[in-house]
Amino acid sequence: MTPSPFRPIFLYKTRLLAATVLSSLSLLPSPPSLAAPSADIAPLSRAQCAAMKQHQVITSGNPVPCTRLSRVAFDYHDFDGNVRQGAVVVLDAVAPQVASLFGELLLRAVPLAGAQPLEAFDGDDEKSMAANNTSAFNGRPMTGGGGWSKHAYGVAIDINPVQNPYVSGSGSSQQQVLPAAGAAALQRQPARPGMAEEVVGVFYDHGFLVWGGHWKQPIDYQHFEIGSRAFIARLVALPPAQARSAFERHVAHYRRCTQVASRDTTDDEDIALRDRCAAQSRR
């Protein structure tokens, strides 16, 4: 084919136009970043373990050694809408899901009053609750009973204790509310900012399938945990990588169950399905 004498001129004008358009686009403001929230997960250092022992957060008799614990640092919204940084200590097997959980709370702008490991309160659970502190690991016995709390395994989280109090002897003359300021939150409807009812589904979706707000006696609105003592003992007995895989399967089982929901279900039906799947997925 004989080349057209007009082709070089056409190509030159086309390239000039393209360059002009690209140059103009480069002057436009860049769109805002939509990066997902991130969290830092790290095993506890020797210095951190020593500080926990010094502040009565862990002892040599704890059912989980310090070497199996991880610190999860994350951003959160406070009750004034400011973004702050907090941290919790949890069992290594659940740490990735805990990081994702708090990332979702940040995206949903769920407020937290504070989030500090228990060293800040010398392992005193009541002081932590009074400060409205969201927390996880604490090598202590169960509140109001014997045996180790599931917090001593790093597989339970307490969220906003003032908005979500612990209530024993509910409705009786012996009723006790911890922290005391939580008495103002015994009326649970309508739900107010920071109340656990708004985030039960988030905790379930990340493997924390037991909510103390469903308990009859005591009622522990602030408390979420992963499941049975037998399941927890299995995670602790497994090597860290295998324990993490077992917990991920636990999470996946719940999520598969909820996926059978119809698009046309009502909010009440969604909640019923969610709770049914949580009950079926607990181990």
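The structure we're discussing is the one just above.
Here's what I pulled together on the structure shown here. (Residues numbered from 1 in each chain as written. Predicted model: local features only at pLDDT ≥ 70, side-chain atom pairs only at ≥ 80, totals over all residues. Heavy atoms only, no water.)

Moving on: the pattern of salt bridges. Inspection of every chain in the model, using the stated rule, returns eight salt bridges. Here Arg68 makes a salt bridge to Asp92, at a shortest N to O gap of 2.7 Å. Within this pair, whereas Arg68 is found in the loop between helix 2 (46-54) and strand 2 (69-77), its partner Asp92 is found in the loop between strand 3 (83-91) and helix 3 (95-107), the two being separated by 24 residues in sequence. As far as burial versus exposure is concerned, Arg68 and Asp92 are alike and both buried. Note that Glu197 and Arg188 form a salt bridge whose closest N and O atoms lie 2.9 Å from each other. (Salt bridge = Lys/Arg side-chain N within 4 Å of Asp/Glu carboxyl O. Helix = DSSP H or I, 4+ residues; strand = E, 2+ residues; numbered from the N terminus. Buried < 20%, exposed > 50% of the residue type's maximum accessible area, 1.4 Å probe, protein only.)

On to helix 7 (residues 240-258). Taking 1.5 Å per residue as the helical rise, helix 7 with its 19 residues ought to reach 27 Å, and the 28 Å between its terminal C-alpha atoms agrees with that figure. Listed in full, the buried residues belonging to helix 7 are Ala243, Ala246, Phe247, His250, Val251, Tyr254 and Cys257. The buried residues of helix 7 all sit within an arc of 135° when viewed along its axis, so they share a single face. (Expected span 1.5 Å × (residues − 1). Arc of directions from axis to C-beta.)

So, about the pairing of strand 3. Bridging between strand 2 and strand 3 involves nine bridges; their strand directions are antiparallel. If you follow His77 over to strand 3, its bridge partner there is Val83. Connecting strand 2 to the antiparallel partner strand 3 that follows it, the hairpin turn spans five residues, and Gly81 within it adopts a positive phi of roughly 90°. (Pairing = 2+ DSSP bridges.)

On to the packing of aromatic side chains, then. Applying the stated rule across the entire model yields eight aromatic pairs. Aromatic pair Phe203 and Phe208: ring centres 6.3 Å apart, planes at 85°, arrangement edge-to-face. Overall, Phe203 belongs to the buried group, its relative accessible area being 0%. Between Phe203 and Phe224 the ring centres are 3.9 Å apart and the planes differ by 10°, which places this aromatic pair in the stacked class. (Phe/Tyr/Trp six-rings, centres within 6.5 Å; stacked < 30°, edge-to-face > 60°.)

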